[in-house]
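# A look at the structure
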Amino acid sequence: MIIFTARIPKRRLMAGAAAVLCCVSAILAFGLTLRGRAVAVSAEVKHIKTNDDRLAYLSGLGWQVSPQPMATEELLIPEEFADSYQDYLKLQADQGFDLTQYRGKRVKRYTYQLTNYPAQAEPVQISLLIYRDKVIGGQIQSSSGSFLHGLALPAPADSAPPESPAAAMARQIV
């Protein structure tokens, strides 16, 4: 029988235990966040440097788009937001994006043609706002302007939430 002994200073033992605890905590937090499903729209995704990165990001959201952007524009986020911006800021905030922290900054907007938008006869486009390789906003819109919404896939019509009693009453009154 061979016996090995080692002397480990308490400082190293504590540092090793702390490192293991941090790793386990990070893994548990990540696992609980995902819970076995893909993350939907995630605010401010970093490392979006190339067209392939943008395509992969959109594909991860469930979208199929044209391989090249229809338009690439440089925009200036205003220093002060007029009242007309409030709905757009709310749309972005509902997705976890905060455009107010980019006041006065120049951003790029990449617009792609969507090829898998459900049940839509007219062309639909998806746009991403990028600042320094980071997604800071985005939206989906019809080319005619008949609708505008966030980056998430719309819920199927058959799984729409039931109408609230107040909405039903308002519909009957009109």
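Scroll up to find the structure.
What comes next concerns the included structure. Remember, predicted model here, so these are calculated numbers, not experimental data. (Residues numbered from 1 in each chain as written. Predicted model: local features only at pLDDT ≥ 70, side-chain atom pairs only at ≥ 80, totals over all residues. Heavy atoms only, no water.)

### Some points on the layout of surface pockets
There is about 180 Å³ of room inside the largest pocket. Taken together, Leu75, Leu76, Ile77, Pro78, Phe81, Tyr85, Tyr88, Leu99, Val107, Arg109, Leu129 and Gln139 make up the lining of the largest pocket. Where the lining of the largest pocket is concerned, the elements lending two or more residues are β1 (71–76) and β2 (106–113). A breakdown of the residues in the lining of the largest pocket according to their chemical character gives 10 nonpolar, one polar and one charged. (1 Å grid on protein atoms, 1.4 Å probe; cavity = no way out; pocket = protein on both sides within 12 Å on 5 of 7 lines; lining within 4 Å. Points joined across faces, edges and corners; volume = space filled by probe spheres on them. Helix = DSSP H or I, 4+ residues; strand = E, 2+ residues; numbered from the N terminus. Nonpolar A, V, L, I, M, F, W, Y, C, P; charged D, E, K, R; others polar.)

### As for the pairing of strand β3 (residues 124–131)
Where burial is concerned, most of β3 is hidden: eight out of the eight residues are buried. Burial of β3 is two-sided: the residues Val124, Ile126, Leu128 and Ile130 facing one way and the residues Gln125, Ser127, Leu129 and Tyr131 facing the other way are all buried. Note: β3 against strand β4 (residues 134–142), eight bridges, orientation antiparallel. In the strand pairing of β4, Val124 is matched with Ser142. (Buried < 20%, exposed > 50% of the residue type's maximum accessible area, 1.4 Å probe, protein only. Pairing = 2+ DSSP bridges.)

### Some remarks on the nonpolar core
One broad trend across soluble globular proteins is that nonpolar side chains are buried collectively. Counting residues in each nonpolar core, the largest one holds 19 residues, and the members touching the most others are Tyr57, Leu58, Trp63, Leu114, Ile126 and Ile140. Looking at this core, the elements that each hand over two or more residues are α2 (51–60), β2, β3 and β4. For this core, the leading source of residues is β3, giving four residues. Listed in part, the nine residues of the second largest apolar core include Phe81, Leu99, Tyr102 and Val107. (Core = buried A, V, L, I, M, F, W, Y, C linked by side-chain atoms within 4.5 Å.)

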